[in-house]
Amino acid sequence: MMYGFAFAVNEISLVLFTTLAPSGALAFVLMAIPLFKGGIEDDARGRLSKLLCIPLVVTMVGLVASATHLGNPDNALYVIAGIGRSPLSTEVASAVAFLALAGVYWLLTFARRFPLALQRVWLVAAAIVALAFVGAVAFAYGRETIVTWNLWQVPAALCLNALVGGPILALAGFRAARTPLGDGGEKALLALAAAALVANVVVYVTQGVALAGMGNSFGRAIDLAPGFWPALAAFFVLCAAGIVAMIGARRFAVAQSYRLRLVVSSAASVLVFAGVFLMRFVFYMTHMTVGL
């Protein structure tokens, strides 16, 4: 148990990165959909474009946290050299590419002239890279020598984490921008987050069962994270509470305080991220190699 906890604490920067960055990238894609489709007023388009900084900041915080894992800034050169052959290098490269595309788009929204056609092309490119980034993060941990990470549940859980956190963060962004999605749009995002949460719990249950049957000469994998099942219960409660809070914010009357709706929506995002963070921490606790 102590080894698992110590290992997770040592990798806390990666716990934070994998908690925030995939959800932030997916939230950016979801917030960009109305901008790509068009049909919204210029003022609303401007507000929404500028508040794409919300998922950008969330993703950037995760990336900056992961950069501390390098130890020495000079090690970044090895990350760059490994692009294409190292999953971790590909993960970092795709994150930087997404932030570059999305960041430049955000800056251009302040320009007086930013043609609508160019905006749409730029958003499509940023969205494609964002989804590639989420996939790169999900599949970065498959190693035959690390038996507890070389499971199908690992990338599945990470993608589902993003599908829980991304829609909730996107809804908070829409509300901050005062850009109504319409009843159908909000219900769709809430339904996506709820369905992903249920699927996520199922995946984690199968992962816990798999860990109980794995081990090496030092013991069982599940013993590295004896709190796996309580953590999973807490994950469900926190994420479900976040979704319920977001539903509650949705029901506020238009005449009620904008600030109150924004505070509740932000709190909903924090609850979901807290749940995801908990299971990401447990994931690193389960690190077990084939031999030692």
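Residues numbered from 1 in each chain as written. Predicted model: local features only at pLDDT ≥ 70, side-chain atom pairs only at ≥ 80, totals over all residues. Heavy atoms only, no water.

Draft legend 1. Local environment of the packing of helix H7 (residues 116–138) against helix H8 (residues 153–176). Two elements in contact, H7 and H8, have axes separated by 8 Å at closest approach and are oriented at 140 degrees. Of the possible angle classes, the one that applies to H7 and H8 is oblique. Considering only the axes of H7 and H8, their crossing is right-handed. Residues Val-134, Val-137 and Ala-138 of H7 form the contact with H8, whose own contacting residues are Pro-155, Leu-158, Cys-159 and Ala-162. The residue inventory of the contact of H7 with H8, partitioned by class, reads seven nonpolar, no polar and no charged. (Axes fitted to C-alpha atoms, helices over the stretch in contact; angles between N-to-C directions. Helix = DSSP H or I, 4+ residues; strand = E, 2+ residues; numbered from the N terminus. Parallel < 35°, antiparallel > 145°, perpendicular 65-115°, else oblique. Left-handed = near helix turned anticlockwise from the far one by under 90°. Contact = heavy atoms within 4.5 Å. Nonpolar A, V, L, I, M, F, W, Y, C, P; charged D, E, K, R; others polar.)

Draft legend 2. Expanded view of the nonpolar core. With 86 residues, the main nonpolar core has Phe-28, Phe-98, Tyr-141, Ile-168, Phe-235 and Tyr-284 as its most contacted residues. Top element by residues in this core is helix H2 (residues 12–37). It accounts for 14 residues. (Core = buried A, V, L, I, M, F, W, Y, C linked by side-chain atoms within 4.5 Å. Buried < 20%, exposed > 50% of the residue type's maximum accessible area, 1.4 Å probe, protein only.)

Draft legend 3. Region of the structure containing the packing of aromatic side chains. Counted under the stated rule, the structure contains 13 aromatic pairs. Ring geometry for Trp-149 versus Phe-283: centroids 4.7 Å apart, planes at 20 degrees, classification stacked. Of this pair, Trp-149 sits in the loop between H7 and H8 while Phe-283 sits in helix H11 (residues 258–285), and the two are 134 residues apart along the sequence. Residue classification places Trp-149 among the buried residues on the basis of a relative accessible area of 8%. Judged by relative accessible area, which is 5%, Phe-283 ranks as buried. On the numbers, 5.5 Å between centres and 90 degrees between planes, the contact of Trp-149 with Tyr-284 is edge-to-face. You can see Trp-149 sitting in the loop between H7 and H8 and its partner Tyr-284 sitting in helix H11, a full 135 residues away along the chain. Taken as a pair, Trp-149 and Tyr-284 share a single burial class, namely buried. Through successive ring pairs, a cluster of aromatic residues spans Phe-7, Tyr-141, Trp-149, Phe-283 and Tyr-284. Here the basic side chain of Arg-280 rests over the ring of Tyr-141, its NZ or CZ set 5.9 Å away from the ring centre. Seen from the ring of Phe-283, Arg-280 lies directly overhead, with NZ or CZ sitting 4.4 Å from the centre. (Phe/Tyr/Trp six-rings, centres within 6.5 Å; stacked < 30°, edge-to-face > 60°. Lys NZ or Arg CZ within 6 Å of the ring centre and 35° of its normal.)

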